Each structure stands twice: as C-alpha cells, then as structure tokens.
Amino acid sequence: MKDSYYITTPIYYANDVLHIGHTYTTVAADIITRWKKNSVNNVFFLTGSDEHGSKICEAAKEKNKEPLAYCNEIVDSFKNTWQQLNIEYTSFIRTTDTVHILTVEKFIQALYDNGDIYKSNYEGLYCVPCEKFLSPTELVNDLCPDHNTKPVKQCEENYFFRLSKYRDQLIELITNKNHLQHFDILPEQRRNEVLGKLKLGLDDISISRTNLPWAIPLPFDKSQTIYVWIDALLNYISAIGYADDSEKTQFKKFWPADVHLLAKDILWFHSVIWPAMLLALKLPLPAKVFSHGFFTVEGQKMSKTIGNVLHAEDLVKIYGVDATRFLLLTAFPFGSDGDISLALFKEKYNAHLANNIGNFVSRVTNMAQKYFNGKVTIPENWPDPEITEILKILEPADTHISNVRVDSFIEIMISLSSWGNLYIDKNAPWQLAKTDMKALEKVLYNALIIIKYIAVLSSAVMPESAVKIWKTIDEKQDIQECARNLAKLSPLTGSNVNKPEILFPKIL
RNA sequence: CGCGGGGUAGAGCAGUCCGGCAGCUCGUCAGGCUCAUAACCUGGAGGCCGUUGGUUCAAAUCCAACCCCCGCAACCA
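Residues numbered from 1 in each chain as written. Chains lettered and ligands numbered in written order. Predicted model: local features only at pLDDT ≥ 70, side-chain atom pairs only at ≥ 80, totals over all residues. Heavy atoms only, no water.

1. Let's talk about the packing of aromatic side chains
So, point 1. A full pass over the atoms with the stated rule returns 24 aromatic pairs.
So, point 2. Measuring from ring centre to ring centre gives 5.4 Å for Tyr6 and Phe44, while their planes differ by 90 degrees; the resulting arrangement is edge-to-face. Of this pair, Tyr6 sits in strand β1 (residues 4-13) while Phe44 sits in strand β2 (residues 42-50), and the two are 38 residues apart along the sequence. Take Tyr6 and Phe44: they sit in the same class, and that class is buried.
So, point 3. A ring pair is formed by Trp255 and Trp274, whose centres lie 6.0 Å apart and whose planes are at 70 degrees; its orientation type is edge-to-face. Residue Trp255 is found in the loop between α9 (248-254) and β12 (259-263), and its partner Trp274 is found in helix α10 (residues 267-280); the two are separated by 19 residues along the sequence. Taken as a pair, Trp255 and Trp274 share a single burial class, namely buried.
So, point 4. The cationic tip of Lys106 hangs over the ring face of Tyr242; the distance from NZ or CZ to the ring centre is 5.2 Å.
So, point 5. The ring centre of Trp268 lies 4.6 Å from the NZ or CZ of Lys197, which sits over that ring. (Phe/Tyr/Trp six-rings, centres within 6.5 Å; stacked < 30°, edge-to-face > 60°. Helix = DSSP H or I, 4+ residues; strand = E, 2+ residues; numbered from the N terminus. Buried < 20%, exposed > 50% of the residue type's maximum accessible area, 1.4 Å probe, protein only. Lys NZ or Arg CZ within 6 Å of the ring centre and 35° of its normal.)

2. A few points about unusual backbone geometry
Trans is the prevailing form of peptide bonds, just as negative phi is the prevailing case for residues other than glycine.
So, point 1. The omega torsion of the bond from Leu186 to Pro187 falls at -10 degrees, within 30 degrees of zero and hence cis.
So, point 2. With respect to the secondary-structure elements, Pro187 resides in the loop between β7 (184-186) and α6 (188-200).
So, point 3. A cis amide bond links Trp255 with the next residue in sequence, Pro256, at an omega value of 5 degrees.
So, point 4. Relative to the elements of secondary structure, Pro256 occurs in the loop between α9 and β12.
So, point 5. Notably, Asn64 is not glycine yet its phi reads approximately 60 degrees, a positive angle.
So, point 6. Mapped onto the elements of the fold, Asn64 is located in the loop between α2 (54-62) and α3 (67-84).

3. Regarding the sheet that holds strand β10 (residues 217-218)
So, point 1. In spatial order, the strands read β9-β11-β10; together these three strands make up an open sheet with antiparallel pairing. The two strands at the open ends of the sheet, each matched to only one other strand, are β9 (208-209) and β10.
So, point 2. Bridge analysis of β9 against strand β11 (residues 221-226) gives two bridges, and the strand direction is antiparallel. Residue pairing for β11: Arg209 is matched across the bridge by Thr225. (Pairing = 2+ DSSP bridges.)

4. Topic: the protein's contact with RNA strand B
So, point 1. The environment of RNA strand B is formed by 49 residues, the closest being Asn15, His19, Ala263, Lys301 and Lys304.
So, point 2. Taken together, the sugar and phosphate atoms account for 68% of what RNA strand B places within 4 Å of the protein.
So, point 3. Within the contact set of RNA strand B, a phosphate oxygen lies 3.1 Å away from a side-chain nitrogen or oxygen of His22.
So, point 4. The leading source of residues in the surface near RNA strand B is helix α13 (residues 342-372), at 13 residues. (Near = heavy atom within 4 Å. Polar contact = N/O pair within 3.5 Å; in protein donor to acceptor, adjacent residues only side chain to side chain.)

5. Observations regarding the nonpolar core
So, point 1. Membership of the largest hydrophobic core comes to 111 residues, with the highest contact counts inside it found for Ile31, Trp35, Leu329, Phe409, Leu416 and Tyr453.
So, point 2. No other element matches helix α18 (residues 437-461), which puts 16 residues into this core.
So, point 3. When residues no more than four places from it in sequence are discounted, the contact partners of Leu416 are Ile390, Ile393, Leu394, Ile450, Tyr453, Ile454 and Leu457.
So, point 4. Ranked by size, the runner-up nonpolar core spans 58 residues in total, among them Ile240, Leu262, Leu267 and Trp274. (Core = buried A, V, L, I, M, F, W, Y, C linked by side-chain atoms within 4.5 Å. Contact = heavy atoms within 4.5 Å.)

6. As for helix α1 (residues 20-39)
So, point 1. Over its 20 residues, α1 runs 30 Å from end to end, which matches the ideal 28 Å to within 8%, given 1.5 Å per residue.
So, point 2. Here α1 lies mainly inside the structure; 18 of its 20 residues are buried. (Expected span 1.5 Å × (residues − 1).)

7. Considering α18
So, point 1. An ideal rise of 1.5 Å per residue puts 36 Å on 25 residues; α18 measures up with 36 Å between its terminal C-alpha atoms.
So, point 2. Counting buried residues in α18 gives 21 out of 25 residues, a clear majority hidden from the surface.

8. Re the environment of Lys253
So, point 1. With respect to the helices and strands, Lys253 occurs in helix α9.
So, point 2. Exposure remark for Lys253: the relative accessible area of 37% places this residue in the partly exposed category.
So, point 3. Taking the C-alpha atoms as reference points, Lys253 and Ile240, 13 residues apart in sequence, are found 9.1 Å from one another.
So, point 4. Each residue touching Lys253, except ones within four places of it in the same chain, is listed here: Ser4 and Asn42.

9. A look at the pattern of salt bridges
So, point 1. The full count for this structure, using the stated rule, is 17 salt bridges.
So, point 2. A salt bridge links Glu386 to Lys442, with the shortest nitrogen-to-oxygen separation between them at 3.8 Å. Placement of Glu386 in the loop between α13 and α14 (390-394) and of Lys442 in helix α18 is noted, with a sequence separation of 56 residues between them.
So, point 3. Residue Glu386 is classed as partly exposed on the basis of its relative accessible area of 35%.
So, point 4. Residue Arg405 is joined to Asp407 by a salt bridge in which the shortest nitrogen-to-oxygen separation is 2.8 Å.
So, point 5. Overall, the relative accessible area of 8% leaves Asp407 in the buried class. (Salt bridge = Lys/Arg side-chain N within 4 Å of Asp/Glu carboxyl O.)

10. Some details on the state of the cysteines
So, point 1. Evaluated as defined, the whole model comprises zero disulfides.
So, point 2. Cysteine Cys57 shares no disulfide, and the gap to the nearest cysteine sulfur, in Cys71, comes to 8.7 Å.
So, point 3. Accessibility expressed as a relative area gives 0% for Cys71, which makes it buried. (Disulfide = S-S within 2.5 Å.)

11. Observations regarding the pairing of β11
Remark: a regular strand shows side chains that alternate across the two faces of the sheet.
So, point 1. Note that β10 and β11 share two bridges and pair antiparallel. The partner of Leu218 across the bridge, within β11, is Asp221.
So, point 2. The turn linking β10 back onto β11 is made up of two residues.

The structure is reproduced here in structure tokens:
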C-alpha cells in the first residue's frame, strides 16, 4: 500500500485572470488534499499555469509586454487568488520553468527515439488574422467566424504523434476494471462519451508548429515548436521530478497520479492524448480523471461578452473565504453541470451555514456557558447508544473523498448539524436545567461532541471555521488524529467551553 | 438521422444506473419551543415526475416513438 497521494488541477492558461470556474476545481482539490493528509503521509497537490502559445503572445502584445513579463504578472494574480482562498498547494508548476522545459524536451525526444513521432504534411485551412488552422466544422459559410474572412489552404510539414496506435489499448484500459492498469474516467457519462468517440476512430495528431515562437522548440528539429497542449500535459510529471535524476525517488513516490481533476472541456486531452503519451513510454497511467461540470450564471453561459463572469474574490467579499468554499462546492452535484446565482448562494448560506451549522454551535456553546460555566464533564458510560448514532452519518466521509464526491462529503456536516438540532429539541435541555442537571450535562456533552465532529470535517472544507470551533470548545486533541479515527468517537479533551463567536452571521 | 446534457410542487434541485409509499432547500399556511444568529422543532397545502404507447403484480426509474429547452463555434474550468 503506497503511503502517498497525488492530485492535480489543470494548469490554467495565463492569458487572463482566474474566474470562478478555476476556483471551483482548485477548491475541490484543496478539500480532497486536506482530508487525505489526515491519513496519508505524503500528499502532493499540484496546480500551476500554462504559459505558451499564440494567445499568450497576443494578450502580452495588447499590454505592450514581453510574454514572460506578462505571464509573471498573471502568475502573481493566480497565486494571490489561491492565497485568498486558503489553497494549500504543494507545488505550483509553470510551463516556463526550466525543469518543465527540460522534461518536455526529454519526453519528446524519448517519444521520437521510440518511433512514435514522424514527419508528415499537415494540410488545413489557415486563417491569417487568427494565425491558426481552423477545422472545417469551425467555419460558418466557409468563413472564419471571428474575422468573416476566407481561410486559405495551407500546407505545413509537421511532426505527428502516433496516437492511433494506442486506441485499442486505451479502450481496453478504460473498459476493463480488473486490469492492473485500469484507467478510470469519471463520472460515468463522461467515460461513455470518451469511449463512444474512441470507437469512432482515432487519428494521429500534429504535435508541432512552424510559426509559433512562444513555445518550446522540438529537441530534434529546432525549426519547429511543440504544440502547447502536448507541452501542458507534461506538467503533471515535470512537477514531481521526471526529468531530474536526483528527484527520482520523488517521481517514484508520487507517479502515477491518483486523480486529475478537470472540467469537461479538456476531457479529451486528459483521457486520450495524455494516457497515450504515457503508454508510448511505458509509464503507468493515472488512476482516474474526474471531469466536473460547467457553470451557467442565472441560466446563461458565463462569458465576457455577456459580462456575467463571476470571480471568487467577489464571493469572498460577501461571504468570507470559508463560506465561499462551502457554497461553491455545494451549489450542485460534483460532476454535473449546474446553474449558480447570487440569490442561490445567499439562500444556501443562510439555510445551511447561518441557521443550521452556525446557530447550532451557538446555541449549544451558549448553554454550556449558561448552565455549567463552560465546564461540561464526561458522562458515565460514554459514548452512549444515542451519540454513537452519528457514526452512521460520519461513516461515508472517506468514501466520498475517494470517489471525488466533495459535495456529498460536505453534506455530512449539514446532516450532523441537523441531527444535532433535532437532538437538542427532543431533549429540551432548558427543561432539564430545572429538573435534572446530570441529564442536562449529558445532552450538552453529546451536543458538543457533534460540534467537535463538524469541526473535524470542516478542517478540510472551511479551515478557518474549524480552528474557531476548536478554540471555542477548547479542544486539545490533534484534529488530524481525530479525523483519522472517524470510526470511533473521541471524547472532549478541553476543560472549558468558551464564549462562542458568531461563525456565519445571517445575511439579510 | 452529427454528439451530449436536461424537462420532478410557486422557485431551485436530488432520486433514474439497480423498478417497490415522490424527497431536499427556499417560499407559503398552522402549531410548538424559548437554549440559540427573528434562529430551532412538528404538521399542512401544493406534483398527471415533458407527451404518447409498451413491458411488469408494480414505472419518475426499464423499452419505443415524439415534443420542448440548453451546451458542443468563443474569452473560458
């Protein structure tokens, strides 16, 4: 059993600042990472930036900057966004990093030596203003949809990767769950989509360009540069030391990746081209790729033209970091498309965070203060059958994370809190306060236990709130240790429940 | 016959793989409680589960046909 876990987000294209979709992927990865760290010693969470290609040049030119200088600024903004959202990535890879460039050269050379790259003519329709080839399906009335001009037929000598050679093997590895190298594509609909397309046939792909200076030159023919997507995919191994002999142990420890998180637009690259490249060099395939859905904003596609692009920073201003992380990932099931709106966020915030979880913490800690001055001692014969009920709620937590169902994981917190609210109501501690202090103490103790476990789950989802709760109930136990032993309830270790602070103020 | 997603209460969504009392959040109405962030709890009203046909003891779920909406070309995960 390997004691390591490797999770990645895509590297985001550095032609513009990040929006809420990028944040969605990255927060999901962060939640999984934080939870995995409880039980796995070596967790590697990779994110980064994709910095080559013509669009980067264009964006830089528009700002009168050199491409690299422009990328540096964008990368700063990426890192700043991640810091604001409490993203604890292990490493941030840039495709302009030396280590990455060396990896790409080494990998492509190996493919070439292997006979998987050959030279051939690429004939296509080239749009001059776009400076790129357009596929026939892109054309509108035979014209470039962006420029309304007729593309010219152009022939270019390119290098091709023998993608077609790996088709059968890929189909087998995706389909056969018992295969040692089984490569899983999730959710299932997406897998079917990929398989359907694969069965239609697979062509070799051009992996080089002749007129694109802002890219990595081919090691065996410096007159051409490497197609950005081929370059970009290799980030997943360059970041963990594939090309660096002194880092061999690191690469060995983490490769293959446990999960590549991504959105559906780039599914094909990750589920066909990337694994085929790995197969070509006999490297193990990632265990799974998980493709989550797209947002629409109030029923409309998120687009600059419409002007409805949401940025995570906007949400953080309204709800704070923790709530933003929570709200994004519970907006709709992880894996399908969904619609979001500020009204929806507000509703969910008040319903789940303010009224349910926040208020639960507040009412229980208040009573602990009021009736026992914060000193609630452990009841006899604890844990009693009543409180052990919550083990059933906690039980699927690890499974949800392993299945990349971050939304279901978060739901557990809500379930715990709902269970707690009901438990309080059934036992009416304010009545017990008049008649039976011992019974009262037991009820409050159990309620505090529920709060403790809300904090434990929260340490992955809403880290700041987790710390606040931990302080409020004066917990001394290591929160990771508690998370590691979810199957058995740990008692309270603090001696004094403090005055609660409002975790999630209601928003009117 | 291009590919894919979707149509479930006033709104937003789960449930569909694997058929078995139609569920959740919000809203709404009535009640309870008074520890709490005007929070919490209980109950009610509100559904031809897009349409039609089929399979079945039994269909939101499986099969067939059809209708409607949204993506697949972009700046994008």
